[in-house]
Structure formats: structure tokens, C-alpha cells
Amino acid sequence: MTVESVRPEAPVTPELLEPPFAGGGVPVLGHGWKLVRDPLSFMARLGSHGDVVRLRLGPKTVYAVTTPALTGAMALSNDYIIDGPLWESLEGLLGKEGVATANGPTHRRQRRTIQPAFRLDAIPAYGPIMEEEAHALTERWKPGETIDCTSESFRVAVRIAARCLLRGDFMDERAERLCVALATVFRGMYRRMVIPAGALYRLPLPANRKFNAALADLHLLVDEIVAERRASGQKPDDLLTALLEAKDDNGDPIGEQEIHDQVVAILTPGSETVASTIMWLLQVLAEHPEHADRVCAEVESVTGGRPVAFEDVRALRHTNNVVVEAMRLRPAVWILTRRAVRDTELGGYRIPAGADIVYSPYAIQRDPQSYADNLEFDPDRWLPDRVKSVPKHAMSPFSTGNRKCPSDHFSMAQLSLITAALATKYRFEQVSGSDDGTRVGITLRPHRLLLIPVPRS
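Criteria and thresholds
- Residues numbered from 1 in each chain as written.
- Predicted model: local features only at pLDDT ≥ 70, side-chain atom pairs only at ≥ 80, totals over all residues.
- Heavy atoms only, no water.
- Helix = DSSP H or I, 4+ residues; strand = E, 2+ residues; numbered from the N terminus.
- Axes fitted to C-alpha atoms, helices over the stretch in contact; angles between N-to-C directions.
- Parallel < 35°, antiparallel > 145°, perpendicular 65-115°, else oblique.
- Contact = heavy atoms within 4.5 Å.
- Nonpolar A, V, L, I, M, F, W, Y, C, P; charged D, E, K, R; others polar.
- Patch = residues over 30% accessible without salt bridge, like charges linked within 9 Å, V, L, I, M, F, W, Y side chains within 5 Å.
- Areas by Shrake-Rupley, 256 points an atom, 1.4 Å probe, with all protein chains shown as cover.
- Salt bridge = Lys/Arg side-chain N within 4 Å of Asp/Glu carboxyl O.
- Pairing = 2+ DSSP bridges.

## Observations regarding the environment of G72
Reasoning step 1: Relative to the helices and strands, G72 resides in helix α3 (residues 68-75).
Reasoning step 2: The spatial distance from the C-alpha of G72 to the C-alpha of H393 is 5.5 Å, given a sequence separation of 321 residues.

## What about the packing of helix α11 (residues 256-287) against helix α13 (residues 317-329)?
Reasoning step 1: Interaxial distance between α11 and α13 falls to 10 Å at its minimum, and their mutual angle equals 110°. Here α13 runs roughly perpendicular to α11, going by the angle between their axes. Counted together, T277, L281 and V284 of α11 and V322, V323, A326 and M327 of α13 form the full contact between these two elements.
Reasoning step 2: When its residues are assigned to classes, the contact of α11 with α13 shows six nonpolar, one polar and no charged.

## Structural notes on a nonpolar patch on the surface
Reasoning step 1: Together, L200, L203 and L205 line one region of the surface with nonpolar side chains, adding up to about 240 Å² of accessible area.
Reasoning step 2: For L203, the position within the fold is in the loop between α8 (172-194) and α9 (206-232).

## A short note on the sheet that holds strand β4 (residues 147-148)
Reasoning step 1: One open sheet accounts for three strands, arranged β4-β12-β9; its pairing is antiparallel. At either end of the open sheet lies a strand with only one pairing partner, and these are β4 and β9 (426-430).
Reasoning step 2: Both β9 and strand β12 (residues 450-455) contribute to a ladder of five bridges, which runs antiparallel. Across the sheet, the residue bridging to E429 is I452, located in β12.

## What to know about the sheet that holds strand β8 (residues 356-359)
Reasoning step 1: Ordered by their spatial adjacency, five strands build an open sheet running β1-β2-β8-β5-β3, and the pairing between neighbours is mixed. The sheet terminates laterally at β1 (52-57) and β3 (80-82), the two strands that pair on one side only. Neighbour-to-neighbour, the strand axes of this sheet turn through a mean angle of 40°, independent of strand direction.
Reasoning step 2: Bridge count for β3 against strand β5 (residues 336-340) is three bridges, and the pairing is antiparallel. Counterpart to I81 in the pairing with β5 is R339.

Printed below as a string of C-alpha cells:
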């Protein structure tokens, strides 16, 4: 036998598997019907079919990913981009030229433009505004009067975003407009995602007319903000000024549509998700008074009885853990989609180029394989000696990889500060007519949370 006659064996490439189909689809609508009727339970049960599962949404085949490890691998891979049913349904709101929907070099350029506003060393400059709005919220409420938590949560979220990032003194009327319009738009966009029947949504039906009117008002609101800034001639050191002076890859000013889409991305999805989280935090303070009392005691031990301030937030460990646990159980963004840009694999399953992928942070963050007592509200699970048991990527409220939300520290600071301010001044009780059940749209929020604030003695 000669050396030349000994040929090295070719490496064995394991054959990729075809993901199994989930059961329960119906003609025409596929699994979209279940996603409309009981979406949270449907997504939570998909893991029993496999780590990757095929679904039918109308005429489309969609791949569902059900484990923390694989959703993390997908987020960190260049084989997948922001696209798919969710982003297609959001296109009418977010456009195609904003940081939320852009991909590749355009996305990286846009991140460079907006990132300075959200650096850790930039956040303290927003502290006085966050403090002012958090305490104004508590002062506006009168003991014994019923609070509509939806409108109040949106008002404070919009005002903080507008005053910190757009330096606009946008009064309650605009916050109310945004609150009403977003509720309609995000609910309609969810329907368009799970049942992509384009012709149906072009019919002059009452629901379609209401959706179109709400969407038009959102874009008008953004146009008003940009026009007012241009007319003022002012150039404060804020995110809107950075956008108006930003350059594209050729060194030319970015286009009007990109400016518009960027402001939409700053003001609307951010306000929607923060407001939804504030609603759930109010629900937590009412449903778990023992944790509300612990927050109050912690704040008083840190502040010595003075009003809580931005500089106190980092020391409020239990308060921060309450916020994180609320986001674990009720993530504002409960469903996300991606698209494969090439033939690839995920967990040993074949994913063809162009395939749409869907996954649910809600299902992953409630998975009993990742969390003991997975449905229990337990902020102490985030203590240093216990958090080590949580698998990587099992808790990603702000996503991960190059699509990680740039405003994560900004959002956490305001959520913790608002929670501390509320819990130190009031206890909360639900009233007749309140419904804290989960309302499902693109985001999750309570159906109609109505509370009475009871002053702490």
C-alpha cells in the first residue's frame, strides 16, 4: 500500500432534520386561528413539539423556535435579519428607514447616530426629568379617585421620552392622542401579522377605517414634532438634533423619510413598551402588597425619607428586581420574528433561505425548564446567589446581539424610579370594573386596569 492510495475520509456531515409541523392547523388560516384565539397558550405549548417547529400562518410556512439557547444563537448569527410577519405588519407604522427595521450597513450607521443619547454616562443627564415626571404622576392622583392606568402610564412614558430625547414640552393632549392611536394600531397590526390576508384589510370596513385613522394620526403627530423643531431654529443637544444633522454614507444629510421613521422608532414603540410595563408594575403593586411594602421600606432606608431621586436607583436592588420579574412574567414584547438570509441550520434542523422565524419571549421566560416555580411572581429569583441558575438567553427583555434595544439602561432607570415613587406614596387597590387580564396585541398590557391609590400613613 502506498501513501498515495490512502485517501482521507471525507468528514461526515450530519443530515439536517426537517422540523415537525405543529398540530391543530385549520384550512386557509393554518395556525393563525389559534394565534388569534389564544396566542400565549399556543406559543407556550409549541415547545412540546420540538426545539424548532413549523407553523402555517395563512399561506406562509413559518418556523417557531422554542428554546433559550436557539433564540440566543439566532440573535447572534448573521444568517438572520429583522424581517418576517411581525415587521411586515409594523411597516405601516415604523416604515423601512428607521433603526427598528433597517438591516446591514444602514442599521449600523443609524445605531451610531442614536447610540450617544443612550450611553451609560449620558443617562444621568435625564435624571431630573425622570424625577420630575415620576413625582408629578403621584401628585396628580387624588386619594380615593379611580386611576385609569392605561392613559396614565402612556402619559408618563411619552412625556419622559419626549422631554429627554426630543426636548419637546409635549403636553398631555399629545400623550392622550398617542395612547388612543397606539392601542388601535398595535392591535390591528397583530391581526395583520397572524392572518396576512392583505385584500381583507383594504376593504372599507369599520375596523379598517379606525385602524387607518389611528395610523394617520400617529404619523401626523411625528410630523408636528419635526416641523416644530425646524421652525424653532433651536439645536439643543438631543436625539432629534442629532437626526436633523446626521449624514448618510456619502456625507449627505439623511432624507426626510429616514428622519420621520427614526422619530417614530423613538417615540412610538418605546412609549408603547414602557407604558405597558408601567401598567404591569401597577398591577404588581396592587396584587403583591408584600413586595410593594418591601419597595417602600427599601426606598426609605436609602433616602432617609426624602423623595426618591435618580441617583438612588442603583441602590434600590429589590425595586430593580421587582421590575425585572414583572418583565419576565409579562414582557411587553411577547413575540418577535426574523428571516433567514441563506440556507442554514438551527439546532440540527434545516432552515431554508427566505424562511420566516417566530419566537416568543413570553413563552421562553415562563419555561419551567428554566425557572423553578415558573409562574410565581418572585423578585428574589434575581438575587446574586439564585440568578446563576437561570440559563443564558432565558431572560432577554431588551433582546440581544446587534438588535439589542439601545435604550435598555434608559428604560430600566425610569421604570425603577417610577416604581419607587409610586410604592413609597401609595398602596393600590383594584376597583369594580377593573380587568387585569392580559390583552394581546403586538405588545401585552392589561385589558383595563383601574386602581384606587391609598396614601401610606
